[in-house]
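Residue-level structure breakdown
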2 protein chains.
Amino acid sequence: MAHSDSVSVRVFSLNCWGIHYLSKQCGQRYAMIGEMLSKEEHDIVLLQEVWSEKDYLFLKQKLACCHPHSHYFKSGVIGSGLAIFSKHRIHDTFLYRYSLNGYPYMAHHGDWFGGKAVGMAILSIGSLTANVYVTHLHAEYCRDKDSYLPHRVVQAWELQQFIRHTSAAADVVILGGDLNMHPQDLGNRLLKASTGLRDSYLETAKFDGCEDGITLIADNPFISKKTLIPFEKGIRIDYILFKGSSKADIYCDFMSTTKGSVPDHPFPYSDHETLTAELRLEALTPAETESDRTSKNQDSAAGKVAELVDIVTEARTEVKVGLHCAERMRYTATRTGVMGLALLVLELAIAAVPWLALGAEQPFPRTSFYMLAALCFAILLTTSLLYIFYTMELKSLQGAEDQMRLAVGSLQEKLRGFPLAQPHSTQRKPPEGLEPSAFDPEE
Amino acid sequence: MAHSDSVSVRVFSLNCWGIHYLSKQCGQRYAMIGEMLSKEEHDIVLLQEVWSEKDYLFLKQKLACCHPHSHYFKSGVIGSGLAIFSKHRIHDTFLYRYSLNGYPYMAHHGDWFGGKAVGMAILSIGSLTANVYVTHLHAEYCRDKDSYLPHRVVQAWELQQFIRHTSAAADVVILGGDLNMHPQDLGNRLLKASTGLRDSYLETAKFDGCEDGITLIADNPFISKKTLIPFEKGIRIDYILFKGSSKADIYCDFMSTTKGSVPDHPFPYSDHETLTAELRLEALTPAETESDRTSKNQDSAAGKVAELVDIVTEARTEVKVGLHCAERMRYTATRTGVMGLALLVLELAIAAVPWLALGAEQPFPRTSFYMLAALCFAILLTTSLLYIFYTMELKSLQGAEDQMRLAVGSLQEKLRGFPLAQPHSTQRKPPEGLEPSAFDPEE
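Notes on the structure in this doc start here. Not measured: the values here are computed from a predicted model. (Residues numbered from 1 in each chain as written. Chains lettered and ligands numbered in written order. Predicted model: local features only at pLDDT ≥ 70, side-chain atom pairs only at ≥ 80, totals over all residues. Heavy atoms only, no water.)

1. A look at the overall build of chain A
Helix and strand content of chain A: ten helices and 15 strands. Burial analysis of chain A (443 residues in total) assigns 57% to the buried set. Restricting to contacts in chain A with at least 6 residues of sequence separation, those with at least 24 account for 76%. A total accessible area of about 18800 Å² is found for chain A, and carbon and sulfur atoms account for 59% of it. (Helix = DSSP H or I, 4+ residues; strand = E, 2+ residues; numbered from the N terminus. Buried < 20%, exposed > 50% of the residue type's maximum accessible area, 1.4 Å probe, protein only. Contact = heavy atoms within 4.5 Å. Areas by Shrake-Rupley, 256 points an atom, 1.4 Å probe, with all protein chains shown as cover.)

2. Thoughts on the packing of aromatic side chains
Residue and element names in this part refer to chain A. Applying the stated criterion to the full structure yields 35 aromatic pairs over all chains. Measuring from centroid to centroid gives 4.9 Å for Tyr-201 and Phe-207, while their planes differ by 80°, and the two rings are edge-to-face. In this structure, Arg-29 is placed above the aromatic ring of Phe-222, and the distance from its NZ or CZ to the ring centre is 5.4 Å. (Phe/Tyr/Trp six-rings, centres within 6.5 Å; stacked < 30°, edge-to-face > 60°. Lys NZ or Arg CZ within 6 Å of the ring centre and 35° of its normal.)

3. What about the sheet that holds strand S1 (residues 5-15) of chain A?
Residues and elements named next belong to chain A. Pairing within the open sheet is mixed, and its seven strands lie in the order S3-S4-S2-S1-S15-S14-S10. Unpaired on one side and paired on the other, strand S3 (69-73) and strand S10 (207-208) mark the two borders of the sheet. As defined by bridge partners, strand S14 (residues 248-257) adjoins strand S15 (residues 275-283) across nine bridges and the pair is classed as antiparallel. What sits directly across from Asp-249, in S15, is Glu-282. The sheet strands contacting helix H2 (residues 53-62) are strand S2 (44-48), S3 and strand S4 (82-86), and the helix crosses S3 at an angle near 175°. (Pairing = 2+ DSSP bridges. Axes fitted to C-alpha atoms, helices over the stretch in contact; angles between N-to-C directions.)

4. A short note on unusual backbone geometry
In this chain, Ile-229 of chain A is followed by Pro-230 of chain A through a cis amide linkage whose omega measures 5°. Within the element layout of this structure, Pro-230 of chain A appears in the loop between helix H7 (225-228) and strand S12 (234-235). Within the chain, Glu-41 of chain B stands out as a residue other than glycine whose phi angle is a positive 50°. Mapped onto the secondary structure, Glu-41 of chain B falls in the loop between helix H1 (26-40) and strand S2 (44-48). Positive phi, normally seen in glycine, also occurs at Asp-264 of chain B, with a value near 65°.

5. Observations concerning the relation of the copies chain A and chain B
Related by rotation about an axis and a shift along that axis, the two copies of the chain form a pair. Least-squares fitting of chain A to chain B yields an RMSD of 0.1 Å, with the transformation described by 0.0 Å of translation along the axis and a rotation of 180°. In the structure described here, the two chain copies are related by an operation that fits a two-fold rotation axis. The rotation axis passes nearest to the C-alpha of Thr-166 of chain A in chain A, at a distance of 2.3 Å. An overlap of 100% is found between the interface residues of chain A and their copies at the interface of chain B, pointing to a shared contact surface. (Least-squares fit on C-alpha atoms with pLDDT ≥ 70 in both.)

6. As for the packing of helix H4 (residues 149-166) of chain A against helix H9 (residues 366-416) of chain A
All names here are of chain A. Across the interface, H4 lies against H9 with an axial gap of 11 Å and an inter-helix angle of 55°. With respect to H9, the axis of H4 lies oblique. Seen along the crossing, H4 lies across H9 with a hand that is left-handed. In this structure, H4 uses Pro-150, His-151, Val-153, Val-154, Trp-157 and Gln-161 to contact H9, whose residues at the interface are Glu-393, Leu-397, Ala-400, Gln-403, Met-404 and Ala-407. When grouped by side-chain class, the residues that make up the contact of H4 with H9 number eight nonpolar, three polar and one charged. (Parallel < 35°, antiparallel > 145°, perpendicular 65-115°, else oblique. Left-handed = near helix turned anticlockwise from the far one by under 90°. Nonpolar A, V, L, I, M, F, W, Y, C, P; charged D, E, K, R; others polar.)

Right under this line is the structure:
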């Protein structure tokens with residue numbers, strides 16, 4: 001099949017681990033990253049954990065020649081940490097902040113302060129419009145007892161919603177980032193099944209990098225071996241995903257990752273490995289589009305929808321676990337607050353006794369009184385703030401669960417109509433723009 | 001021009017003023033609203049300020065027959081207050097929470113707790129896909145000295161971004177809600193110029209309602225006359241906006257508002273007036289699409305882009321004012337915090353003197369010591385929370401300003417290319433789906 005137009009696009013992704021004073025060799029690593037990027041001249045560079053705007057500006061200056069277009073996404077207290085550098089003109093950007101992102105009082109984990117989000121940039125690559133997304137989901141600190149799982153599942157849910165709804169006009173879609181999810185994790189399956197995004201590691205014609213494509217590896221000197229248990233060699237949590245549309249096909253010709261060290265340098269670029277994917281974009285003619293879609297539509301649409309129903313149902317269960325947990329936490333905060341209030345009232349009553357019994361000789365225990373009163377106020381204030389926070393968490397979880405329920409209903413409706421709708425659907429206009437994802441309205 | 005398909009859609013919008021214990025006759029008004037909606041049987045009902053889920057469930061039960069499909073958008077502490085009821089199947093929903101929405105310590109204004117957002121529902125109306133949006137922006141409490149203006153401008157900016165980016169696959173777009181902006185306010189102009197949305201009040205063939213389409217009127221018994229000064233008769237802040245696409249035209253045949261009272265009832269439905277728009281959707285054939293777009297493209301594209309550049313620049317100025325203000329507030333919080341800390345250190349030093357000078361006879365002023373220490377801690381805690389909050393506000397404002405700068409650059413680039421690009425652009429594929437908005441990538 002001869003294609004009218006073929007463009008090669010090199011995409012790079014790296015979690016830069018850019019926490020000044022906490023991340024080791026931060027400044028030197030940024031210098032190394034800048035040097036490598038300006039040498040490699042990728043088309044699109046997607047960075048995460050660029051927590052300091054100064055580091056972004058340093059890279060921007062360093063890459064001014066090879067990557068004249070860039071954007072730094074700002075969010076949360078510290079920033080979203082997301083940055084994009086591009087050879088191709090960025091026409092427009094948009095940021096979606098995840099509604100859930102950990103807890104502010106878990107300051108040692110720090111995710112809440114990062115204001116995790118997904119950033120979008122619309123690029124023109126040749127005659128094609130590319131929607132490029134960069135994201136970083138909540139970290140997993142303990143796989144066996146992952147208290148952040150409901151939050152990460154909701155983030156994955158919102159990520160797929162954002163990509164599905166904003167990419168209808170795109171010819172190609174590219175997502176890069178640290179998803180903090182293993183390849184078969186619920187959120188990852190949800191993302192891929194609902195958007196139709198394909199994993200460049202699984203799709204690439206040729207691969208050069210760590211075994212199983214792992215991106216957080218034991219051989220990296222910045223990695224503590226303990227954090228990887230029980231995955232001795234490492235885990236794959238960074239991805240470059242992509243999909244084409246009715247107007248362009250996309251293929252991954254080559255993919256590579258670093259392997260824990262950088263030649264001629266004493267340490268690697270980051271605690272994560274770098275990802276580079278060489279994608280080939282092929283513009284389709286309208287005739288090719290039609291034949292492509294028809295065959296694809298008839299292939300396995302019903303199977304895909306059924307699979308998605310199962311995944312969304314699984315995600316709903318996980319969100320319900322989160323709901324139950326948030327309700328319990330809010331209840332605990334309420335109960336503690338009420339106890340603080342009761343203690344304050346009791347204390348005031350006790351204090352009132354000698355004050356009312358004028359002439360009583362006992363000395364008033366001022367120190368204990370003020371200490372206790374201060375403690376009560378601290379309890380009341382803290383529990384009030386926690387109550388507000390947990391209520392917001394509950395609303396977000398309930399909102400996601402409602403949306404999931406509606407989506408499952410909609411998908412099941414579609415599934416019921418399949419035997420009849422299938423021959424009919426090919427006569428109708430294809431849905432705008434994209435490769436079929438199971439969510440596309442078919443009826 | 002004969003159209004293959006024409007559908008009539010009646011859209012209703014109302015700010016329900018549903019604050020239990022604060023809003024007057026809340027329960028009775030919901031009963032009235034439910035009764036009216038079940039009688040009128042609009043196609044799409046867009047409600048704002050449904051703060052209690054119970055009220056939503058009451059309406060859902062009441063409207064089960066005529067509006068089998070509905071969705072309640074959850075967000076913030078109290079909820080977003082947004083609800084949609086529909087005769088037509090809702091396939092999918094999505095919620096975007098505005099990054100800025102007032103201040104939590106302005107509890108008497110309450111906007112922050114509402115978690116203002118824009119909700120989207122994707123509906124099938126006949127053969128057409130409609131993206132229906134419902135929103136409620138931050139209230140304006142003082143027009144002369146509106147401290148929330150930067151927040152509302154950022155909300156309008158995010159609203160237009162959300163609509164533009166999510167509606168590419170839609171055949172028609174409908175937005176209803178309480179924008180809390182007058183027709184010529186900056187945010188309103190920004191929204192309309194960037195999305196291409198048209199105002200049903202200005203576009204309607206026939207209108208029945210209050211003079212100038214006002215929706216917050218002096219004749220409404222729930223309205224305090226003071227709040228309307230200097231607009232004696234009232235203001236227009238509720239809207240139903242719409243636009244078609246390359247696949248469907250949309251017209252407003254009739255629009256109406258209530259006029260402050262309801263026949264056979266002692267009081268109106270809400271402190272806002274209701275809006276009803278009768279829209280006519282006409283599906284276009286591909287031939288009509290082509291001729292339509294070409295003529296429209298050549299009409300006044302350059303003028304529209306130039307106008308949008310001016311509006312975005314104006315919005316950027318307003319965001320900069322907000323930035324300046326947030327920086328000042330953060331500085332004040334920092335300074336107060338440092339003073340609190342200094343006071344605490346000073347107090348500890350003073351307390352240490354008699355403790356070190358053993359045998360000193362002066363009695364230690366315990367009461368004052370603990371009172372002052374508690375005050376210092378309260379100051380430190382409050383200023384720390386404020387510092388975090390203002391930093392987040394700054395990040396959001398900076399983020400919006402960055403996006404606006406990028407958009408202006410992109411639009412100016414487009415403008416420079418106009419004399420050359422104009423004849424060329426008609427040969428290229430039309431941008432996906434929608435009526436031309438000045439933001440559509442043309443090159």
